[in-house]
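# Residue-level structural notes
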Amino acid sequence: MERVLTGRVALVTGVSRRKGIGFAIADRLAAMGADIFCHGFTPYDARQPWNADPGGTKPLMDELRRHGTRIEEIEADFADPEAPSYVFAAAGRSYGHIDILVVNHAYSTSGGLEALTAEQIDAHLTVNVRGSLLLVKEFAAQHDDAKPGGRVILFTSGQHLAPMPGELAYIASKGALHQLTSSLAAHLAPRLITVNTIDPGATDTGWANREVYEAVQTGHPQARWGMPEDAARLIAWLVTDDACWITGQIINSRGGA
């Protein structure tokens with residue numbers, strides 16, 4: 001793979017599981033020559049049905065290092081309002097400068113209207129919106145505009161394409177990131193920093209039960225789920241110089257779904 005990102009540093013959040021999108025992104029960018037600062041929060045995964053990886057994150061970091069680039073990691077809970085500044089301070093001590101920010105982490109629980117609670121809504125908005133927006137703020141504050149390749153990637157879901165009534169708190173938070181994209185892009189464009197948001201569609205990261213898995217696969221135009229590598233390939237291109245003219249976009253990468 002052409003190492004077009006050599007000399008650049010990417011901070012990727014949500015890198016804690018081998019099957020996750022975050023790991024696939026970090027792996028792809030490292031293969032392209034980037035040094036990576038990985039964020040994860042394994043206690044969140046441990047509380048989910050899919051659970052945390054049995055060996056923790058060390059085997060993931062070791063695998064990323066096979067590409068020959070520098071790999072560092074940090075654990076932080078974005079429910080803490082100080083976590084974004086803490087993460088960037090640590091990244092600054094390790095690398096001095098971050099060129100690429102991929103905001104991949106997410107807090108997600110199911111819940112329709114009747115089951116909604118104030119705590120559930122607040123948890124989604126705190127981690128997914130406040131945490132993400134403060135990360136972008138920290139990225140912009142430390143970015144050297146004399147360096148090329150300033151990139152911010154956010155994630156949304158499919159709430160703008162079809163109803164998702166069983167995930168109201170989650171899609172409220174993802175809808176907020178969707179709506180922030182063009183304004184953040186306009187603000188940072190004079191500094192040659194691009195901001196784009198991707199919707200990766202239904203991605204097989206191990207979260208779906210058999211019924212959901214089969215329903216998605218049967219109804220998909222390509223008769224398959226998206227894979228973490230599908231999202232990683234798109235992001236890998238968006239952070240290269242070839243994509244410098246693309247900003248403020250919501251890109252649906254869903255295989256036609």
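Not measured: the values here are computed from a predicted model.

### Digging into the pattern of salt bridges
Under the criterion given, the structure shown has 14 salt bridges. The residue R8 makes a salt bridge to D241 at a minimum N-O spacing of 2.9 Å. Of this pair, R8 sits in the segment before strand 1 (9-12) while D241 sits in the loop between helix 8 (228-238) and strand 7 (250-252); the two residues are 233 residues apart in sequence, bridging distant segments of the chain. The salt bridge partner of D99 is K147, with a shortest N-O separation of 3.4 Å. Here the residue D99 occupies a position in the loop between helix 4 (83-95) and strand 4 (100-102), and K147 occupies one in the loop between helix 5 (118-142) and strand 5 (150-155), the gap between them amounting to 48 residues. Of the residues examined, D99 reaches a relative accessible area of 0% and is grouped as buried. Taking the relative accessible area as the measure of exposure, K147 reaches 30% and is therefore partly exposed.

### Considering the packing of aromatic side chains
Each aromatic ring pair is specified by the distance between its two centres and by the angle formed by the two planes. Tallied over the full model, the rule gives two aromatic pairs. Residues F37 and Y95 carry aromatic rings whose centres are separated by 6.1 Å and whose planes lie at 85° to one another, so their mutual orientation is edge-to-face. Of this pair, F37 sits in strand 2 (residues 35-40) while Y95 sits in helix 4, and the two are 58 residues apart along the sequence. Neither residue differs from the other here; F37 and Y95 are each classed as buried. For R18, the ring lying beneath its charged end belongs to F23, and the centroid distance is 5.7 Å. Sitting over the face of the ring of Y95, R70 holds its NZ or CZ atom 4.6 Å from the ring centroid.

### What about the environment of S108?
When you line up the elements, S108 lands in the loop between strand 4 and helix 5. On a C-alpha basis, the gap between S108 and V12 in space is 18 Å, while along the polypeptide they are 96 residues apart. Not counting residues within four places of it along the chain, the set of residues in contact with S108 comprises Y44, Q48, H124, E167 and Y170.

### Focus: the side chain of S157
Take S157: it is sitting in the loop between strand 5 and helix 6 (168-188). With residues up to four places along the chain from it excluded, the contact list for S157 reads M164, Y170, K174 and D199.

What counts, and where the lines are drawn
- Residues numbered from 1 in each chain as written.
- Predicted model: local features only at pLDDT ≥ 70, side-chain atom pairs only at ≥ 80, totals over all residues.
- Heavy atoms only, no water.
- Salt bridge = Lys/Arg side-chain N within 4 Å of Asp/Glu carboxyl O.
- Helix = DSSP H or I, 4+ residues; strand = E, 2+ residues; numbered from the N terminus.
- Buried < 20%, exposed > 50% of the residue type's maximum accessible area, 1.4 Å probe, protein only.
- Phe/Tyr/Trp six-rings, centres within 6.5 Å; stacked < 30°, edge-to-face > 60°.
- Lys NZ or Arg CZ within 6 Å of the ring centre and 35° of its normal.
- Contact = heavy atoms within 4.5 Å.

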